[in-house]
Structure formats: structure tokens, C-alpha cells
Amino acid sequence: MLSPESHGAPTAFSLPVDAAILKQLRFSPAHPSELARQLRLSPDAVLLGISRLQDAGFDIAPNPALGLQLVSSPDRLIADDLRSRMNHPWIHDITVFESTASTNDLAMKRGLQGASGPLVIFAETQTAGRGRFGRKWHSKEKEGIWMSLLLRPRLPFAQWPRLTSTAALAIALAIEQQTRLKPGIKWPNDVFVNGKKISGLLVETGQHPEKGPFAILGIGLNANQTEFPEEIREKASSLKLECRGTIDRPAMAAALLDQLGSLLPELETDFPSLLRRIAQCSTVLGRPIRLHSGETVIEGIAENLDEEGRLLVRMPDGTLERFSAGEVTTGAR
Ligand code: BT5
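In this text the structure is predicted, and so the values were computed from the model without any measurement.

1. A closer look at the packing of helix α1 (residues 17-27) against helix α2 (residues 32-39)
- Between α1 and α2, the least distance of the axes is 11 Å, while the angle of their chain directions is 115 degrees. Viewed along their axes, α1 and α2 adopt a mutual orientation that is roughly perpendicular. Classified by chirality, the crossing of α2 by α1 is right-handed. In this structure, α1 contributes Ala20, Ile21, Gln24 and Leu25 to the contact, and α2 contributes Leu35, Gln38 and Leu39.
- Here the contact of α1 with α2 is composed, by residue class, of five nonpolar, two polar and no charged.

2. So, the nonpolar core
- Phe122, Met147, Leu149, Leu221, Leu260 and Leu311 are the most contacted members of the largest nonpolar core, which totals 65 residues.
- Counting residues per element, this core draws most heavily on helix α6 (residues 162-179), at 10 residues.
- Beyond its immediate chain neighbours, meaning those up to four positions away, leucine 260 contacts Trp90, Met147, Leu149, Ala167, Ala170, Leu217, Ile219 and Pro265.
- The next biggest cluster of nonpolar side chains, apart from the first, holds 18 residues, and it includes Leu15, Ala30, Leu39 and Ile60.

3. What about the site of the ligand?
- Taken together, 27 residues are adjacent to the ligand, and Ser102, Arg130, Arg135, Lys197 and Asn222 come closest.
- Glutamine 126 is positioned with one of its side-chain polar atoms (N or O) 2.9 Å from a nitrogen atom of the ligand.
- At a separation of 2.9 Å, an oxygen atom of the ligand approaches a polar backbone atom of arginine 132.
- Burial of the ligand by the protein chains amounts to 95% of its free accessible area of 800 Å².
- Breaking the shell around the ligand down by element, the ones donating at least two residues are α5 (103-112), β5 (144-151), β8 (196-208) and β9 (212-222).
- In terms of residue class, the shell around the ligand is built from seven nonpolar, 13 polar and seven charged.

Conventions we followed
Residues numbered from 1 in each chain as written. Predicted model: local features only at pLDDT ≥ 70, side-chain atom pairs only at ≥ 80, totals over all residues. Heavy atoms only, no water. Axes fitted to C-alpha atoms, helices over the stretch in contact; angles between N-to-C directions. Helix = DSSP H or I, 4+ residues; strand = E, 2+ residues; numbered from the N terminus. Parallel < 35°, antiparallel > 145°, perpendicular 65-115°, else oblique. Left-handed = near helix turned anticlockwise from the far one by under 90°. Contact = heavy atoms within 4.5 Å. Nonpolar A, V, L, I, M, F, W, Y, C, P; charged D, E, K, R; others polar. Core = buried A, V, L, I, M, F, W, Y, C linked by side-chain atoms within 4.5 Å. Buried < 20%, exposed > 50% of the residue type's maximum accessible area, 1.4 Å probe, protein only. Near = heavy atom within 4 Å. Polar contact = N/O pair within 3.5 Å; in protein donor to acceptor, adjacent residues only side chain to side chain. Areas by Shrake-Rupley, 256 points an atom, 1.4 Å probe, with all protein chains shown as cover.

Shown next, in the form of C-alpha cells:
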């Protein structure tokens, strides 16, 4: 199962101390003694947690009438902060690196070592972020969300491509929720806003001798960039540029985890309804396209998605062909 914890009723009490304190303070200010009672912790544990959080950059200030108040959070991805912001903490194993070559490489390593997942790895910057076919993915420090999830879907391997379109929908919904922008899904692995690429997905698979196959879902989401390197300047954008406001990255990252947590189980139980929503967000359906798939380049009309999310293309001779991967390069945004 993708999300073993999603059936329980997670409470602040099941969170680590710092996450529980943050969750409670986000809900309302409280005196340390109240916090200790609410969280069933000793007063010392609460005070220690508060000072750890302050050291990490959280502005937690005393207010004579209200008690302790969370005034602001740092613009950093911090595992306990993300845990505290999630509505349904379905994923507990969250790691954040300041810098790494590629979060997909790290998640792959964990999978090959036999980690059960689900787990997620974030990095504030990647020195060798990758797209498909070994292309470079620009991952500027603290300006985006660069993350990889390790999952072991309980689905026949042939159905794993469902992961890509489901994750794209989760990204689109999280963006919409946080910014009110209207993102579109460019089949199969891009999310666009106003005709520019905001996010890309890199899904890879691995195999552990005992634990079996696993999937790595790599997500790059441009949040606060105000400029891009020359080679992608024309086609890339960030949420900040599109909505003219700074993005709260931890809130966006938590929203993304929440959306993934609610959609991923559906991919096993009710993919047809997910597909309808994915199709509604599509920027390619109904349009003339050119599709590069391996050595093949075809032109036709992107007509629909089939039951597994493959693209159905109406060819000039009237036949319908299906593609499970590829790159839509023309006539579609
Ligand atoms: C993708 O590949 O769009 C998948 C990107 C996945 C990145 C995530 S970040 C976390 C995880 N760790 C990794 O190492 N990777 C994943 P593709 O469809 O092949 O698109 C790659 C192309 O997008 C490049 O050739 C550029 O043209 C363009 N590009 C590169 N960086 C970009 C950026 N930050 N924003 C928009 N476009 C970009």
C-alpha cells in the first residue's frame, strides 16, 4: 500500500515533539504549561523544543495575554515544520539535505538498500538535478522544491505509469490551492502555468532482491526564481513570477505532500476518476501535436487518455495510436 498511515486518525500526539509544538502554535498561541498539557509532554520537554525551534529560525515570542506565539517561520524546508503543516501526515520519513547531487539518486540508494517507504527526500539545492534522458534540471538554492518520493505501489508493474499523471495532478492541485493560479498538465510529466514550465516529474524504478520493485517520484517545482539561465528563459517560469508574490515554500511543500497523500491511494482504488480530473487539466487534449517517442516522431491530434493514462493520438490516416511515453513538442503548451 502506498500510504499505510492514511487510514488512521493522525493527531498531533503522534508527531515528533517539535512538529507537535509547531502544529499546536499554528492552531493558537499557548502558554508553555498549556502546551505541555495539550501535548502530554513535560514542561521541560516543551521548553527544550521551543528553544530548538528558535535556534532553527522560528520566531516564537511571548505575548503576555496569549502565551507563546508563532510569529514567523524560516524560509527553509525543515522536516518537523513540514510534518506540522500536513493535514494528514501519511508520510513520516522526511529528510531534508542542504545540497545533494540529485534527490532521485538518494531515494534510489535508499530503495536499493531495502527501505520500505513511503519516504521523501528534499534538498535545498541540487548540483546535478536531472530531467528525463539525462537532461539537466536547474535547481537553484532555496528557490524551488526539489524532492523525491520512494513508493512501493501495490499495482502490476504495467500500471506504474499511472504514478506520473497522478503526481502531475497533485502538483497542479497544490499550486492551485496555494496560489489560485490555474496550472495545466502537459502530458506526460510537465506542469505549466500561463504557457511556461513550472514543474517537471522524473519517475524512475528500481528493484530490491527481497523487497521487490519500487518507484522514485522526482518532482521539481519552481517557486521563487525571478530569473532563469539563458537556455530555459523562454520556456520556464516560477510561481512567484506568475502570481507576483513570494511563495511560502514550506507551505507549498506540505500542500504537495498532502495532495500526494490523498491522490496516491486512489491510483490503486479509483484510477478512472483520477483520470477524468487529469484530463480536465490537460493542455494537450484536443490539440494538434507533434510527439517524439523514442526514434519515432508523429503528428496528429491528441484525442484522449486511455484507461492507464496513455495518450491516444488520432493519426492523419484516421487510425488511433496510443503512447505511454514521449515528448509533446509542438502545437501544445
Ligand atoms: C523533467 O524532465 O521535467 C523532470 C524534472 C525532474 C526534476 C526533479 S528535481 C528532484 C528530482 N531530482 C532530480 O535529479 N530530478 C528530479 P524533462 O521533461 O526531461 O525536462 C527537462 C528540461 O526542462 C531541460 O532540458 C530544460 O529544457 C528544462 N528545464 C531544466 N530545468 C528547469 C527548471 N528549473 N524549470 C523549467 N524547466 C527546466
